[in-house]
Amino acid sequence: MDALTSLLQGLASALTPTHLMFVFVGVLLGTIVGVLPGLGPITAIALLIPLSFNLDPTAGLILLCGVYYGAMYGGSITSILIRTPGEVASAVTALEGYEMARRGHAGPALATAAVGSFIGGTLAVIGLVFLSPVLVDVSTSIGAAEYAVLLVGALALTTSLMTGSRVKALISVLVGMCIGIIGLDPQDSVQRWTFGQIELSDGIDIALLAMALFAIPEAMRNLSIGDRSAPSALTVQRAWMNKHDLRLSAAPYARGTVVGFIAGVMPGLGPTLGSFASYSLERRVAKGERRRWFGKGAIEGVAGPETANNAGVGGAMVPMLALAIPGSATTALLLFVFQMYGLQPGPQLFQNDGPLVWTIIASMLVGNAMLLVLNLPMVRVFVKLLRVPPPLLYGGVVAFVMLGAYALTFSLFSMLLLVAIGLIGFYLQENGFPLTPAILAAVLLPLLELNLRRALLIADGDWGTFIDRPLSLTFLVLIALGVVVPMLLQLRRRFARPD
Amino acid sequence: MTPVSQQTEQEAPARSGRSDVIAGLLVTGVGALLLVTALGIGEPVRPAPGIGPATLPLFLSGMLVLSGLVLTGLGLRRRPVAGFEADLLGAGDAEALEELLHEEQPVPWRPLLVHIGLFVGYALIFIPLGYMLSTALYLGATVSVIDRARWKRNLTFAVLFAVIVYFAFTELLMVQLPAGILG
């Protein structure tokens, strides 16, 4: 009952005109960013960070969270209409969604994506409401050692359950962690990897890192390839579906919510994994005639994943708010924003800043409702965005990002850093290295080191403490399973196929 | 779609093999550099039990060296590495997804160098010339390199973008931007 009361109070606050405006701007920006290829929620949030310095924390966080789940709605539009995901978590939608669009069923595809996103997003927030207090209670028995292990777990899971090469994901995590180390050691004030540059004493700003890694590589790639006009999108009359489509989508909505929420809650993974898992599940449960539709436009293959990726956003917020352990790379960036406002997620957050947190959570409910309204009738407006000529789009992205970099320190140094890291990121991306683990790692490193130090201080330098403490050992075992099991699955697959 | 995925299967191992070797060696090199630098990290005034300022840097750079070597090794053996999505989705879908996510189209290096040059140049003129002028120049140049024919559109876009963003940020959002030589 306590959670419910807090939520209602939060809702009252979220429905004030000012906050409503921020929700609206956030979800609108999020949808636009999700629709435009080459821009994702991480870049958008990173760019908005310098701007949100001057905003009051509630407003700023409402805005940024709105961008996050808004992007999940927008990303599906490009997936369905031009087979290019607006952002990674919507990639699976393209598998069936585009096939549906090709056969003239773009309307139902878009409709089921929007409705599914709404259901997943809303139910996930409800899940967030009831699960967070539980986790906060649990967190009191989590000491520094367990916390450190959980953070390592987040990174390990990201590595083992990433798309593409695991070794490259690991390298990405390591690079991110090394970047996180740059600067003065927080405890001992010793210079680490600053190579004599004073400006690096405070380390590399996470917002800068996000801008450099997520906007620049895409921009450089697309500018160099030099397409003059946007790929043509399949036309759509309106986003609508009939009873038959709705009936087929119902069970996928339910399954997608559960799968997506769980995937989101698990530290380090997030909406992307949820959408993949949902697609796989829908394929497996499809019976008889429906099974043959997969690959040719099965609506279940859109309904499930789209529900899952939005449920994943809510899920990813759970460990972030309750334990300060990000459920995804974007939530890692949001964690950074909380810290920037002087707020520390975790049990103290709910105690000290209760009204703020509940307002943000309530605003997510409001936002999801707004997005349903925006996406169903107004789909064609967003589709027009797809016609922006790529040179203008990507040129504009670079200009914005340069502005963002400047606004962080008002000096040439950040801009040059942007260029350097951007080009490194470009090289990495072109060679198949995933970049999201790097951001996650960079945000988590300071927390990890802090907790390692604390744990060892308490244990008087004994590294065995991580195994001696029962909870810590349990987490370690679970993490080890999370890493080893996928590898075993892969080996089994390799031996099963005649290669 | 079948011809493309056949192509993908034939080309991917060879290309990714060589680039993986190079990438792996680079990673190993950078790791080694970081490792050596980490050895020079000073001792703290009050040493903490079990862990010091150099502990994580040494561990991480060591791991980088190791992973770089592993990647080089994998690249030499030319085995394309698939991720978790292949287990989850089954080979056919995973390939389709790979196609979607990691476009196979190679980036032409001459335009790339031009755009990198423009990017670096933009950063260097940003403060001296001021936001509006440097941005208009950058955008005008960048878009013209790709699509010279539509120069009227390009010019309009470059100027409008620079001016609108400048005033939006300095007047509405209260973010100071350099006025440079126009100020």
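What comes next concerns the included structure. (Residues numbered from 1 in each chain as written. Chains lettered and ligands numbered in written order. Predicted model: local features only at pLDDT ≥ 70, side-chain atom pairs only at ≥ 80, totals over all residues. Heavy atoms only, no water.)

With that settled, consider the overall build of chain A. Counting secondary structure elements, chain A contains 23 helices and 2 strands. Buried positions account for 65% of the 499 residues belonging to chain A. At a minimum sequence separation of 6, the contacts of chain A that also span at least 24 residues come to 78%. Counting only carbon and sulfur atoms, one obtains 66% of the accessible surface of chain A, whose full area is about 17,900 Å². (Helix = DSSP H or I, 4+ residues; strand = E, 2+ residues; numbered from the N terminus. Buried < 20%, exposed > 50% of the residue type's maximum accessible area, 1.4 Å probe, protein only. Contact = heavy atoms within 4.5 Å. Areas by Shrake-Rupley, 256 points an atom, 1.4 Å probe, with all protein chains shown as cover.)

Residue and element names in this part refer to chain B. Tallying each qualifying case throughout the model produces 13 aromatic pairs over all chains. With 4.5 Å between their ring centres and 10° between their planes, Y122 and Y138 make a pair best called stacked. Here Y138 lies in helix α6 (residues 131–146) and Y122 lies in helix α5 (residues 109–129), a separation of 16 residues in the sequence. Here Y122 matches Y138 in class, with each residue buried. Aromatic side chains Y131 and Y166 sit 6.4 Å apart centroid to centroid with 20° between the ring planes, which places their arrangement in the stacked category. (Phe/Tyr/Trp six-rings, centres within 6.5 Å; stacked < 30°, edge-to-face > 60°.)

This brings us to the pattern of salt bridges. Two side chains with opposite charge may pair up if their charged atoms get near one another. On inspection of all chains with the given rule, the structure shows 14 salt bridges over all chains. Of the charged contacts in the structure, one is a salt bridge between K168(A) and D20(B), with a shortest N-O distance of 2.7 Å. Here K168(A), found in helix α8 (residues 166–181), pairs with D20(B), found in helix α1 (residues 2–38), and the two come from separate chains. Judged by its relative accessible area of 7%, D20(B) is buried. What emerges from the salt-bridge pattern is a single network uniting D185(A), R192(A), E449(A) and R453(A). (Salt bridge = Lys/Arg side-chain N within 4 Å of Asp/Glu carboxyl O.)

A word on helix α20 (residues 412–430) of chain A. For α20(A), which comprises 19 residues, the first-to-last C-alpha distance of 27 Å matches the rise-based estimate of 27 Å (1.5 Å per residue) to within 8%. Contact partners of the buried residues in α20(A): α9 (206–214), α10 (216–225) and α19 (390–409) of chain A together with α5 of chain B. Looking one or two residues past α20(A), G432(A) carries a phi angle of roughly 85°, positive in sign. (Expected span 1.5 Å × (residues − 1).)

On to the interface of chain B and chain A, then. Across the contact, 85 residues belong to chain B and 89 residues belong to chain A. Buried area between chain B and chain A, both sides added, is near 7,400 Å², and the carbon and sulfur share of it is 74%. At the junction of chain B with chain A, the criterion picks out 2 salt bridges. A salt bridge links R228(A) to D147(B), with the nearest nitrogen and oxygen atoms 3.7 Å apart. Among the secondary structure elements, those contributing two or more residues to the side of chain B that touches chain A are α1, α2 (55–77), α3 (84–89), α4 (91–101), α5, α6 and α7 (151–172) of chain B. (Buried area = accessible area lost by both parts, 1.4 Å probe.)

Another point: the nonpolar core. Core analysis: the biggest nonpolar cluster contains 207 residues, and L321(A), F338(A), I361(A), L418(A) and Y131(B) have the highest contact counts within it. When residues in this core are grouped by element, the largest group, 15 residues, is from helix α4 (residues 57–82) of chain A. Not counting residues up to four positions away in its chain, the partners in contact with L321(A) are L128(A), F338(A), P345(A), G346(A), L349(A), F350(A), V357(A) and I361(A). V92(A), F276(A), A286(A) and F294(A) belong to the second largest nonpolar core, which has 7 residues in total. (Core = buried A, V, L, I, M, F, W, Y, C linked by side-chain atoms within 4.5 Å.)

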